[in-house]
Amino acid sequence: EALAADEEINSLVGSDVVSSWPKRQHSSPMGSLNKVQNSTEFADWAPKGQRFVVSEKLDGLSISLNYENGKLVSAVTRGDGVTGEDIFTNVRNMSNVKWRLKDFTGSLRGEIVMLKETHTTFFSEYSNPRNAAAGISRRYDGTGSEYLSVFLYQISSPGLVFKTRLEELDYIKNTLGCKTPEYVLLDTLQDIISYHEGYAKDKLAYDIDGLVIDTDNLSYAESLGWVSNRPKG
């Protein structure tokens, strides 16, 4: 899928695409998530006796916004999970991006997306909003970046410790004032299955390719460890 997107990007915007953006190493790896395809697989995964935060898995380009002393200093794509491209000059012009966050030092991770209506109205030459977001965000001259939006869902900062995933998302949304994907705290597996079955993703302003299920208790989630660089929690 990524290869197909790159081929489309290069054919559509030509010299506007640069393959040599500055490379930056992430402060901590940006990994992927394990996936389940049905309720049986989900029940086999889900830790017992836990609550869960369910959020939208936005379909776009993963990004890490990095701040020093309250100032946005870089914006690095996921890349191979260890090193990505710093597309700061484009990201600073996107919607929902704060150039300054008072006294904040650390990273905010999220997704660059294009709204469906924007894609239909201005960028229908791309096959879908995801390819449009991936291509336009990496244009060397930055044209079109103002049509993209950034939604944030994870925070890493010295001295900031959260007990729950809900606290983390609430901090990003309410304390920092940043845009997040929609999220909700649910108690049981059946609650989550029902929530998933009734999710009206076709009515959203942006594309998602699933829902993310996080164990709310972060210390417990961390204790579960990782499999193939993917968190079991």
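Thresholds, definitions, all that
- Residues numbered from 1 in each chain as written.
- Predicted model: local features only at pLDDT ≥ 70, side-chain atom pairs only at ≥ 80, totals over all residues.
- Heavy atoms only, no water.
- Buried < 20%, exposed > 50% of the residue type's maximum accessible area, 1.4 Å probe, protein only.
- Helix = DSSP H or I, 4+ residues; strand = E, 2+ residues; numbered from the N terminus.
- Phe/Tyr/Trp six-rings, centres within 6.5 Å; stacked < 30°, edge-to-face > 60°.
- Pairing = 2+ DSSP bridges.
- Axes fitted to C-alpha atoms, helices over the stretch in contact; angles between N-to-C directions.
- Contact = heavy atoms within 4.5 Å.

### Here we look at unusual backbone geometry
Right, on to step 1. Within the chain, Asn69 stands out as a residue other than glycine whose phi angle is a positive 50 degrees.
Right, on to step 2. Residue class for Asn69 comes out exposed when judged on its relative accessible area of 69%.
Right, on to step 3. In this structure, Asn96 is a non-glycine residue whose phi angle is positive, near 75 degrees.
Right, on to step 4. Looking at the secondary structure, you find Asn96 in the loop between helix H3 (88–91) and strand E6 (106–113).

### A look at the packing of aromatic side chains
Right, on to step 1. Overall, the coordinates contain nine aromatic pairs when judged by the stated rule.
Right, on to step 2. Connected via pairs of aromatic rings, a cluster forms that spans Phe42, Trp45 and Phe52.

### Structural notes on the sheet that holds strand E8 (residues 183–186)
Right, on to step 1. Here three strands make up an open sheet; going across it, the order is E8-E2-E9 and the pairing antiparallel. For this open sheet the edge positions go to E8 and strand E9 (208–215), each flanked by a neighbour on one side alone. Across the sheet, the mean angle from the axis of one strand to that of its neighbour is 25 degrees, orientation sign disregarded.
Right, on to step 2. As paired strands, strand E2 (residues 52–58) and E9 are joined by six bridges and run antiparallel to one another. The residue bridging Ser55 from the neighbouring strand is Val212, located in E9.
Right, on to step 3. In the packing of helix H6 (residues 165–175) onto the sheet, contacts are made with E2, E8 and E9, and the angle to E8 comes to roughly 155 degrees.

### Considerations on the pairing of E6
Right, on to step 1. Within E6, eight of the eight residues are buried, leaving the element largely enclosed by the surrounding structure.
Right, on to step 2. For strand E3 (residues 61–68) and E6, the ladder comprises seven bridges, and the chain directions are antiparallel. Pairing of Leu61 across the sheet is with Ile112, part of E6.
Right, on to step 3. Direction of pairing for E6 relative to strand E7 (residues 149–156): antiparallel, over a ladder of seven bridges. Residue pairing across strands places Leu108 opposite Ile155, the latter belonging to E7.

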